[in-house]
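Residues per chain, in single letters:
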Amino acid sequence: MNDANGTSGTNSTNSTPGTNSTPGMNSTPGTPGTNDTDEELQALVHDAMAAAVRSPLRGRVADYIPALAEADPAAFGMAIATLDGRVFGAGDWRQPFSVQSVSKLFTLALALAEGGDGLWTGVGREPSGNPFNSLVQLESEHGIPRNPFINAGALVVTDRLLELTGDAAGAVLELLRAESGDRAVDVNRSVAASEAEHGHRNAAMAHFMAGYGNLRNPVEDVLAHYYAHCAIEADCRDLALAGLFLARHGVRADGSRLLTRSEAKRINAVLLTCGTYDAAGEFAYRVGLPGKSGVGGGVLAVLPGRGTVCTWSPGLDAAGNSVLGVAALDALTTATGWSVF
């Protein structure tokens, strides 16, 4: 496991996360970058990762998408981003990975920014209680998905963003590049092709919802944009920086407003209740933050008014959430008190 720490994505010394307590882990809970020094924030990352790896649990790499099965099961990275854009990372935090469903929070933000609350006529805001790729509820609920973060809901959001912008995947990619300041963030076309080749359930859901009139674009176009934004590759630094607009209550890195304060609050609320598939209750119990996970092993968590944290480790639990990533977030919020509760 490679390890580098730095500010705003600049690498410096190499070390291995240790197991000793640090001033940051034992200090009075505060706002990242305000009551904690850079050294304390860096130590927090190291100690959270060290706490996570003490457990023998590692999970299993997603293999239902063949391109994702190639991920290194030993990889593990973590980054904290402060409101002013400084980043403190450790482990494999600069290793790009497939963001998968983490992209859905950016798709939702853009669809709300471009189209407003009319989006909610086609998708709900309630936890599903079922796996992310389940078709079970669609028929009984007339083609309206429970929330925007299960696959069916994300397809509806992608459809609306495609209608609004003409290029849903391109809009998500550009937002990630702009907010992270990293033009190297890009779509991995081989991963997108692999998803399309094996995405029979997604295609079934899309056709089913189209049959209820809940898709406005051709199913093939919606699926292509959906697979493309899920196949974006970014690292922990990029995602932590890109998610800061939710910690800033809707304000982007350049000071412009993407969302109203109310819209940002509502996205954070849906992230908390629905962002980690059918394990959202467990994530809220352990971590206590709005968060979005992806089967590529990434988890992006938001500390409203404080900053963001991104973890990555490809080993997943039964619900599709990173085992080490969630454990590191659990350790971080338990030690610092950085929780919405």
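Residues numbered from 1 in each chain as written. Predicted model: local features only at pLDDT ≥ 70, side-chain atom pairs only at ≥ 80, totals over all residues. Heavy atoms only, no water.

1. Comments concerning helix H9 (residues 219-230)
Right, so step 1: With 12 residues, H9 extends 16 Å between its outermost C-alpha atoms, agreeing within 8% with the 16 Å of an ideal straight helix rising 1.5 Å per residue.
Right, so step 2: Among the residues of H9, those classed as buried are Val 219, Val 222, Leu 223, His 225, Tyr 226, Tyr 227, Ala 228, His 229 and Cys 230. (Helix = DSSP H or I, 4+ residues; strand = E, 2+ residues; numbered from the N terminus. Expected span 1.5 Å × (residues − 1). Buried < 20%, exposed > 50% of the residue type's maximum accessible area, 1.4 Å probe, protein only.)

2. Things to note about the sheet that holds strand S5 (residues 97-98)
Right, so step 1: Taken in spatial order, the three strands make up an open sheet running S5-S7-S6, and their pairing is antiparallel. Taken across any chain shown, the strands that pair with only one partner, and hence form the sheet edges, are S5 and strand S6 (186-187).
Right, so step 2: In this sheet, strand S7 (residues 232-234) lies alongside S5 in antiparallel orientation, the contact comprising two bridges. Each residue of the ladder has a partner; that of Ser 98, found in S7, is Glu 233. (Pairing = 2+ DSSP bridges.)

3. Focus: the packing of helix H3 (residues 103-115) against helix H12 (residues 261-274)
Right, so step 1: Between H3 and H12, whose axes approach to 11 Å, the crossing angle comes to 150 degrees. Here H3 is positioned roughly antiparallel relative to H12, judged by the angle of their axes. Along this stretch, H3 crosses H12, giving a crossing that reads as right-handed. Contacts between H3 and H12 involve Leu 105, Leu 108, Ala 109 and Leu 112 from the former and Glu 263, Ile 267 and Leu 271 from the latter.
Right, so step 2: Of the residues in the contact of H3 with H12, the class split is six nonpolar, no polar and one charged. (Axes fitted to C-alpha atoms, helices over the stretch in contact; angles between N-to-C directions. Parallel < 35°, antiparallel > 145°, perpendicular 65-115°, else oblique. Left-handed = near helix turned anticlockwise from the far one by under 90°. Contact = heavy atoms within 4.5 Å. Nonpolar A, V, L, I, M, F, W, Y, C, P; charged D, E, K, R; others polar.)

4. Points about the pairing of strand S10 (residues 307-312)
Right, so step 1: Taken across its six residues, S10 has six buried, putting it largely inside the fold.
Right, so step 2: Burial along S10 is two-sided: the face carrying Gly 307, Val 309 and Thr 311 and the face carrying Thr 308, Cys 310 and Trp 312 are both buried.
Right, so step 3: Two strands pair when backbone bridges link them, and strand S3 (residues 77-82) and S10 are joined in this way by six bridges, in the antiparallel orientation. Bridging across to S10, Ala 81 finds its partner in Thr 308.
Right, so step 4: When strand S9 (residues 298-303) meets S10, the two strands line up antiparallel, connected through six bridges. In the strand pairing of S10, Val 299 is matched with Thr 311.
Right, so step 5: Between S9 and S10, which pair antiparallel in sequence order, lie three residues; one of them, Gly 305, sits at a positive phi of approximately 80 degrees.

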